[in-house]
Amino acid sequence: MKVSRFALGAAALLPFALSACKKPSPGPSGGAPAVPSGAVVVTGAPVVTQPVQVVAPPGVQAPASFADLAAKADPAVVFVKTLQERRGITGRRQVVGEGVGSAFVYDPNGLIITNNHVIEGASEIYVVFGRKKQVKATIVGRDPRTDVAVIRVEDKNLPFLPLGDSEAVRVGDWVVAIGNPFALSHTVSAGIISARGRTIADVKGLDESGYYDFLQTDASINPGNSGGPLLDMAGRVVGMNTAIRRAANNIGFAIPVNMIKELLPRLLADGTIKRSAIGVVVGVLMPEDRERLQLPEEAGVKVTAVVPGGPAEKAGLAVDDVIVSFQGEAMPNPDRLRWVASLAGVGKTVTLRVARGGRLFDLQLKLDALPERASSAPPLEAPEDDFP
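Keep in mind that what you see is a predicted model, and the values were worked out from it rather than measured.

Trainee: Hey, could you run me through the overall build of the protein in this one?
Mentor: The secondary structure content of the protein amounts to six helices and 23 strands. Residues classed as buried in the protein amount to 48% of the 388 residues present. Long-range pairs, those at least 24 residues apart, make up 67% of the contacts in the protein between residues at least 6 apart in sequence.

Below you can see the structure in the form of structure tokens.
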């Protein structure tokens, strides 16, 4: 399934639609806006940041063969076939499209993970085990903004793959991809993690309202691999193969399994993800901003616009404020802030640490619901990057 090309500006949209913006009122001296009433001012107190601790797994030698790993994992990797139908004037159903993709069983009681774009718009979904057994599947939950979906078959005691830890894999670690490229059943490819933290700025053609933190791999991924697992050397799922760069030589992108694990309880309970919103547009904090805004050395993201009537405006957040932390977690970039804010909970009151005019203060606000996204229109031309 292809998605429309779009251009990414310098600012990233935090989970809230921006219809119009108005500039904040200046402070009494004409400089930075005054600290909002009710804010807890932290004068002279350093901001304690918690660096991300990536736990490296024990050293693993290059394997002489991937055969044992592939043989053990293969029964849990499935082929997905879909039908798109419509009813004609006479009421008869007509098949207007067919799709193929990959998926993997993560729960022996019939729960299967795949990409949302593999099953989106499908009137019927079939899962093929091995080369012969075909079973009808139903949708349990799906999230277009991350391209994650969970489907179910009625079979029990299925072979399954354990979910690993995507934070533990390092650039240079071996990984194995299993899937059904070009509808060729159960194809295995191997490579390494070649980069981490690839975002919408790196993978063109993605929905700008989505959330992306891809693992990049040079294990061969092709059309039909979507939804298949990316495995570490212990046979644990560390990612789900999702996107490719067509013009490149073996550069593919996988959704980190830790992101999927955060979504699974909500998808199983509600069938969808109910996201929350701060109501601002934020951008990357540039070196020149620090002197201009009299900022400390801590990380943070710059507010470039405030949604009128949204939680941020009601709480007194202003353009050029810098959000240093969210609920005590340091914010290294806009993408991380978008993610944690979206999952914090609609109606929840949260605390932001804000830097303004050389001062640090805590600001509390109550999160709104993130509006539903508009459906993506079919692309007019093939994007540079695409879902495989």
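Trainee: Please clarify how the confidence of the model for the protein should be interpreted in this entry.
Mentor: Do not read the predicted coordinates in detail wherever pLDDT is low. Mean pLDDT over the protein works out to 81, with 77% of the residues at or above the 70 mark. The model gives residues 374-388 a pLDDT under 50, and that stretch makes 48 contacts with residues more than four places away or in other chains.

Trainee: Just to check I follow, could you spell out empty space enclosed by the protein for this structure?
Mentor: Empty space among the atoms can be located by rolling a probe the size of a water molecule over them. Applying the stated criterion to the full structure yields two cavities of 30 Å³ or more. Surrounding the largest cavity, T146, Y211, Y212, D213, F214, I255, P256 and M259 form its lining. Of the residues assigned to the lining of the largest cavity, the class counts are six nonpolar, one polar and one charged.

Trainee: Any chance you could explain helix α6 (residues 334-343) here in plain terms?
Mentor: An α-helical turn contains 3.6 residues, so any two residues separated by three or four positions project in the same direction. With respect to burial, α6 is a largely interior element, eight of its 10 residues being buried. Every buried residue of α6 is accounted for by P334, L337, R338, W339, V340, A341, S342 and L343. Sitting at the amino-terminal end of α6 is N333, which places a side-chain oxygen 3.2 Å from the backbone nitrogen of D335.

Trainee: Teacher, can you tell me more about the nonpolar core here?
Mentor: If you look at soluble globular proteins, the nonpolar side chains tend to sit buried side by side. Residues L161, I278, V280, L317, F326, L337 and L352 are the most contacted members of the largest nonpolar core, which totals 59 residues. Element by element, the count of residues in this core is highest for helix α3 (residues 257-270), at six residues. Of all hydrophobic cores here, the second largest spans 16 residues; its members include V78, V80, V118 and A149.

Criteria and cut-off values
- Each residue is numbered by its place in its chain's sequence as written, counting from 1.
- Thresholds applied to this predicted model are a pLDDT of at least 70 for local features of residues and 80 or more for the giving and counting of side-chain atom pairs; totals over whole chains, interfaces and linings are not thresholded and use all residues.
- Side-chain descriptors were evaluated using all non-hydrogen atoms of the structure, hydrogens and water having been removed beforehand.
- By the criteria applied, helices consist of DSSP H or I runs no shorter than four residues and strands consist of E runs no shorter than two, each listed in order from the N terminus.
- Each residue is assigned to one of three classes by its accessible area relative to the maximum for its type, calculated with a 1.4 Å probe on protein chains only: buried under 20%, partly exposed between the two thresholds, exposed over 50%.
- Every residue pair with non-hydrogen atoms within 4.5 Å of one another is taken to be in contact.
- For every residue, the predictor assigns a confidence score, pLDDT, that lies between 0 and 100.
- Grid points spaced at 1 Å and placed over the protein atoms alone form the basis of the search, with a cavity being a set where a 1.4 Å probe fits but cannot get out and a pocket an open set showing protein on both sides within 12 Å along at least five of seven lines. Lining residues have an atom within 4 Å of a point.
- Grid points are joined across faces, edges and corners, and a volume is the space filled by probe spheres set on the points.
- Each residue gets one label: Ala, Val, Leu, Ile, Met, Phe, Trp, Tyr, Cys and Pro are nonpolar, Asp, Glu, Lys and Arg are charged, and the others, such as Gly, are polar.
- For this analysis, a polar contact is any N or O atom pair within 3.5 Å, provided that within protein one partner can donate a hydrogen and the other can accept it, and provided that sequence-adjacent residues contribute only side-chain to side-chain pairs.
- Nine residue types can take part in a nonpolar core, namely buried Ala, Val, Leu, Ile, Met, Phe, Trp, Tyr and Cys, and a core is a set of them joined through side-chain atoms within 4.5 Å.

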